[in-house]
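Structure assessment
Now for the letters of each chain:
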Amino acid sequence: MPSGVTRLQREAWAILLILLLAGAAVFAHVTTTPEEYSRYNTGWNGTSGFAGEEVRDLKPGVTLLILAPDQPFTPEEVGYCRAFLDNGGDIIIADEEGAANPLLADLGSRIRVRPGNLSSLERDHTDPGLFRVQVTGNASLFAGIETIRVNRPAAVEGGEPLLETSVLTWDDADGDGRITASETFGTAVVCAKEGNLTVLGDPSLFINAMLAENPEFIDNLQPVRIDGVHSRTGTANPIINTRLWIQETPLAAAALAALAVLPVAYRFGRKRDE
Amino acid sequence: MNRRASHIILAAAAVLVLVLLAGEAASPVLYSAENTSTAAHADPATVQKRSPGNAAAVVPLMDDLLGQTGTLALTIKLKDYESAERDLARYTDLSRQFDRLVVTLDVSGTDIGEFQQNNRQNQEALATLLNDTRRFDDLQRLEVEVRGDDDRHMAVVYEGEALRQKMREGFSAYAKRETETVQIAEHYDVNATPYRESVEDYAEVADAADDWREEIGGGSAPRSPLGIAVTPDEGRYGDLLLIGGTYAGGTPGAPVEVYVDSRIAETVTLDESGGYAYPYSVDRVLAGSHLAYATAGQVYSTVATFEILPGNTAITLALAEVNGTTVACTGNLTTEDDRPVTLAPVLLRVDDGTLIGTETDNNGTYRKEIVLPAGEHTLKAEFHGAGYPLNASESPAETVTVRGEGLSPLPFIAAGAAALGAGWYLRRRRPEESPLTEPHGMVDVVEEVVETPPRVEIAGLPPRDAATVLFRTLRARLGLAETKTPRDCARIAPAHAGFFERYERIRYAGETPSEEELRAMEKVALGGDETAA
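Residues numbered from 1 in each chain as written. Chains lettered and ligands numbered in written order. Predicted model: local features only at pLDDT ≥ 70, side-chain atom pairs only at ≥ 80, totals over all residues.

This part takes up the overall build of chain A. Across its full length, chain A carries 7 helices and 13 strands. Going through the 274 residues of chain A one by one, you find that 39% of them count as buried. A separation of at least 24 residues holds for 71% of the contacts in chain A among residues at least 6 apart in sequence. (Helix = DSSP H or I, 4+ residues; strand = E, 2+ residues; numbered from the N terminus. Buried ≥ 20, exposed ≤ 12 C-beta atoms within 10 Å, placed from the backbone. Contact = placed C-beta atoms within 7 Å.)

Structure below.
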């Protein structure tokens, strides 16, 4: 019966539409990740919005950002970094967990990241770890900027201070959000430099939710390349890796396109035969 | 592709999508707005903003306070008492601002709190120094005038000696705080030079008093006949210290004024043996060294010192709901040896922000009812020890859920009124419009709505006129508009089509109904015989 066929076709189209929408949602899910700092994390704590090309090989003459490193550097890689610095390249290490300290030691730097829970009384948010720090040093990175909003930063020791907290800052060791008798106020440095090497104690400055807080700083950084091997920006999942492999492999992309076209071609071919 | 194959593919795709979605359901990617904080950072867009407050004013205020000590001590030393009064007023005002800031920022447990306590003592010491210096000036003039009058001269000498001792003791206490205060100041990069200079100026003023005593032969001056001692010479909050002595040559019943820290504490009388005693209760007085002396007429005693030791406190907080919006906060403030702290200020900190003040009663108990918005709130009771020889304390945080006010009846009344109005409006409109769109359904509804059939009187009317009356009656009973013709009515209400068609023939074809027909039509019109229609 024609009316029955029409109804069936309508149902099929409706289901197809729903499947397409669900498929889009699934695609969004499987091609993103909730991992902190990941470039494939489109959420507030990802770095998908931060404009910086990910590099896996070092080339001189650029600014290299090592963002929240979680992979150790081999002696060979340390040698590359040292040579890169010696050839005039700039390296910015953004770390708050102290994972960069072995690299800093291997590079011969005196700067160290001291993990902690810096909190400030001088803040305009209820979260004591969300506050502004003063630009105190002279660096192109902070040119034209007076203050930077940081997000639960760590203190940095050694080197020439570039960013300093106010004196009403403390390391909230017990995490209760208020200063107690066992804690003391004091200024802390959250960014310092030594030659071409800059160490920033707050990688959170590059997450999506923070980009709008310090736009001039983000602009000053450009052009920047991100170390995709040791930084947590490279954190992905197997599906993302597969997608990247397809994107980077023309033959695989062509095969996938062919797979998509084949059913359509088959359908049209059958219709012509009928 | 046949239909069966299509269905299988769609079903498989649906299952695949569902499986993939189920696997990701716990992932926060799609719901990240709820997950706004991790150990490394918080999402500033979802963190509540707050007023920056006066935190930035803390260090400048510390600077001002130390600066003020320098100015005030200098003007006292220069005996510019008018300026000194102004400086003291300014210093007092700044100290009050600083006290408020320390409480608001909740930093009384830090070195800023220590600075605050030292500053309070400094302010009191300089105020006392100003009064003593001024009096000392008077005594110096007086001493010249009364030379030759031994009695009056001795009285001046006794008072001068008392003042000198007070200044000396005051200086010792003032200088003792210097190291700690300067250390704190330097930690905050505050200029401590004026404060250091104030210590030097204080010393010069105290030295001047020593010099005067030497000038008037004070070293060999006889001891005052009015003795004084404080026993025990130290105590804590709530303790009773006995300030007393004897007045050699005093008349029993003569008044003796007892001063504590230059303020008159009590007037007592000499007993039969020439002794006097005043039980001094340690209450709202700062911890540290204090001075006591007595006067009997123009005779001054020497100066006795005693120490007030700081003690710890404990404060409790209990919350009870009073009504939907009000919470009663009650608790006790006691010392470590369980003495109630009376008439002491207590602060209730709501959600780490708003501060509400109350006070303990004579039993150390406080009660305060506060109005809170609906939702969960965390409260703490705090005692900041202001002016007491007691350390600050705070209660454990207590949580209360406020239900909020009941729903206002106004929206419901308004909604009811609107519904009634809408119903009335629709009811008015229905007979006019509905038959045109839904004739059958409408007729049924109309028939249900009309409950009482209209009364009709056709006796004595000509048959055709009687038929017209019956037609109008039925039309009205069915709720049909008066503009409807018999044919319209037959179409709209097919259940009565026979009636309307018969009337149409009577009305337009000139037929005359019989008596029997009229009775049947009357029954239909009045709703008595539906089948007859």
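Attention now goes to the overall build of chain B. Scanning chain B for helices and strands turns up 13 helices and 18 strands. Within the span of chain B, comprising 533 residues, buried residues form 34% of the whole.

Let us look at the nonpolar core. What tends to happen in soluble globular proteins is that the nonpolar side chains get buried as a cluster. Residues Met 62, Leu 129, Tyr 202, Ile 243, Ala 292, Tyr 293 and Ala 294 of chain B are the most contacted members of the largest nonpolar core, which totals 93 residues. Here the element with the most residues in this core is helix H5 (residues 150–176) of chain B; it accounts for 9 residues. In contact with Ala 292 of chain B, other than residues within four places in its own chain, are Ile 228, Val 230, Ile 243, Val 258, Tyr 259, Val 260, Ala 304 and Phe 306 of chain B. The next biggest cluster of nonpolar side chains, apart from the first, holds 53 residues, and it includes Ile 91, Ile 111, Ala 154 and Leu 205 of chain A. (Core = buried A, V, L, I, M, F, W, Y, C linked by C-beta atoms within 7 Å.)

All names here are of chain B. Read from one edge to the other, the open sheet built from 3 strands follows the order E1-E3-E6, with strand pairing classed as antiparallel. In the strand order of this sheet, the two ends are held by strand E1 (229–231) and strand E6 (275–281), each with one partner. Averaged over all pairs of adjacent strands, the angle between strand axes in this sheet comes to 25°, irrespective of strand direction. As judged from the 7 bridges shared by strand E3 (residues 240–246) and E6, these two strands associate in the antiparallel manner. What sits directly across from Thr 246, in E6, is Gly 275. (Pairing = 2+ DSSP bridges. Axes fitted to C-alpha atoms, helices over the stretch in contact; angles between N-to-C directions.)

Let's shift gears to the interface of chain A and chain B. Accessible area lost during the coming together of the parts is what is often quoted as the interface size. Facing the 41 residues of chain A at the interface are 39 residues of chain B. Elements with a contribution of two residues or more to the side of chain A that touches chain B: helix H1 (2–30) and helix H4 (208–211) of chain A. Broken down by element, the side of chain A that touches chain B gets its largest block of residues, 10 residues, from H1 of chain A.

Before going further, it helps to examine the packing of helix H10 (residues 463–477) of chain B against helix H13 (residues 515–525) of chain B. Residues and elements named next belong to chain B. Taken N-terminus to C-terminus, the directions of H10 and H13 make an angle of 15°; their axes are 9 Å apart at the nearest point. Classified by the angle their axes make, H10 and H13 are roughly parallel. In this structure, H10 crosses over H13, and the sense of that crossing is left-handed. Residues Pro 463, Ala 466, Ala 467, Leu 470, Thr 473, Leu 474 and Arg 477 of H10 pack against Leu 518, Met 521, Glu 522, Val 524 and Ala 525 of H13. Partitioned by chemical class, the residues of the contact of H10 with H13 number 9 nonpolar, 1 polar and 2 charged. (Parallel < 35°, antiparallel > 145°, perpendicular 65-115°, else oblique. Left-handed = near helix turned anticlockwise from the far one by under 90°. Nonpolar A, V, L, I, M, F, W, Y, C, P; charged D, E, K, R; others polar.)

All names here are of chain B. Per-residue pLDDT for chain B averages 84, and the proportion of residues at 70 or more is 88%. The least confident element of chain B is helix H9 (residues 439–449), whose mean pLDDT is 43; the most confident is helix H2 (residues 58–77), at 95. Taken together, the stretch residues 432–451 has pLDDT below 50 and engages in 15 contacts with residues farther than four places along the chain or on a different chain. In the predicted assembly, ipTM is 0.80 and pTM is 0.66. (pLDDT = per-residue confidence, 0-100.)

Let us look at unusual backbone geometry. Cis rather than trans, the peptide bond between Gln 222 of chain A and Pro 223 of chain A has omega equal to -5°. For the peptide bond that leads from Thr 231 of chain B to Pro 232 of chain B, omega is -15°, which places it in the cis range. Topologically, Pro 232 of chain B is positioned in the loop between E1 and strand E2 (234–235). With a phi angle near 70°, Asp 338 of chain B is a residue other than glycine that sits in the positive phi range. Here Asp 338 of chain B shows up in the loop between strand E12 (326–335) and strand E13 (345–350). Using a count of 10 C-beta atoms within 10 Å as the deciding quantity, one classes Asp 338 of chain B as exposed. The backbone phi angle of Leu 343 of chain B is positive, close to 50°, even though this residue is not glycine. Relative to the helices and strands, Leu 343 of chain B is located in the loop between E12 and E13. Classification of Leu 343 of chain B as exposed rests on a count of 11 C-beta atoms within 10 Å.

Further remarks concern the pairing of strand E9 (residues 160–164) of chain A. Residues and elements named next belong to chain A. The sheet contact formed by strand E6 (residues 130–135) and E9 spans 2 bridges and is antiparallel. Bridged to Gln 134 within E9 is Glu 164. Here E9 runs beside strand E11 (residues 189–194); their pairing, made up of 4 bridges, is antiparallel. Considered in E11, the bridge of Glu 160 is made with Lys 193.

This paragraph deals with the sheet that holds E11 of chain A. Residue and element names in this part refer to chain A. Pairing is mixed across the open sheet formed by 9 strands, whose spatial order is E1-E13-E2-E3-E12-E11-E9-E6-E7. The sheet terminates laterally at strand E1 (53–55) and strand E7 (147–151), the two strands that pair on one side only. The mean inter-strand angle of the sheet, taken between neighbouring strand axes irrespective of direction, is 30°. Where E11 meets strand E12 (residues 197–200), 4 bridges bridge the pair, whose relative direction is antiparallel. Bridge pairing links Cys 191 to Leu 200 in E12.

Another aspect to go through is the environment of Val 113 of chain A. Mapped onto the elements, Val 113 of chain A comes out in strand E4 (residues 112–114). Note on Val 113 of chain A: 27 C-beta atoms within 10 Å, which makes it buried.

Tracing the backbone through its elements, the reader meets Ala 175 of chain B in helix H5. Under the C-beta neighbour-count criterion, Ala 175 of chain B is labelled partly exposed, with 14 such atoms within 10 Å.

All names here are of chain B. It is the contact of H2 with helix H4 (residues 111–145), at a shortest axis distance of 11 Å, that shows an interaxial angle of 20°. One finds that H2 runs roughly parallel with respect to H4. In the packing of H2 onto H4, the handedness of the crossing is left-handed. Of H4, the residues touching H2 (which contributes Val 58, Met 62, Leu 65, Thr 69, Leu 72, Ala 73 and Ile 76) are Ile 112, Phe 115, Asn 119, Asn 122, Leu 126, Leu 129, Leu 130 and Thr 133. Considered class by class, the residues forming the contact of H2 with H4 number 11 nonpolar, 4 polar and no charged.

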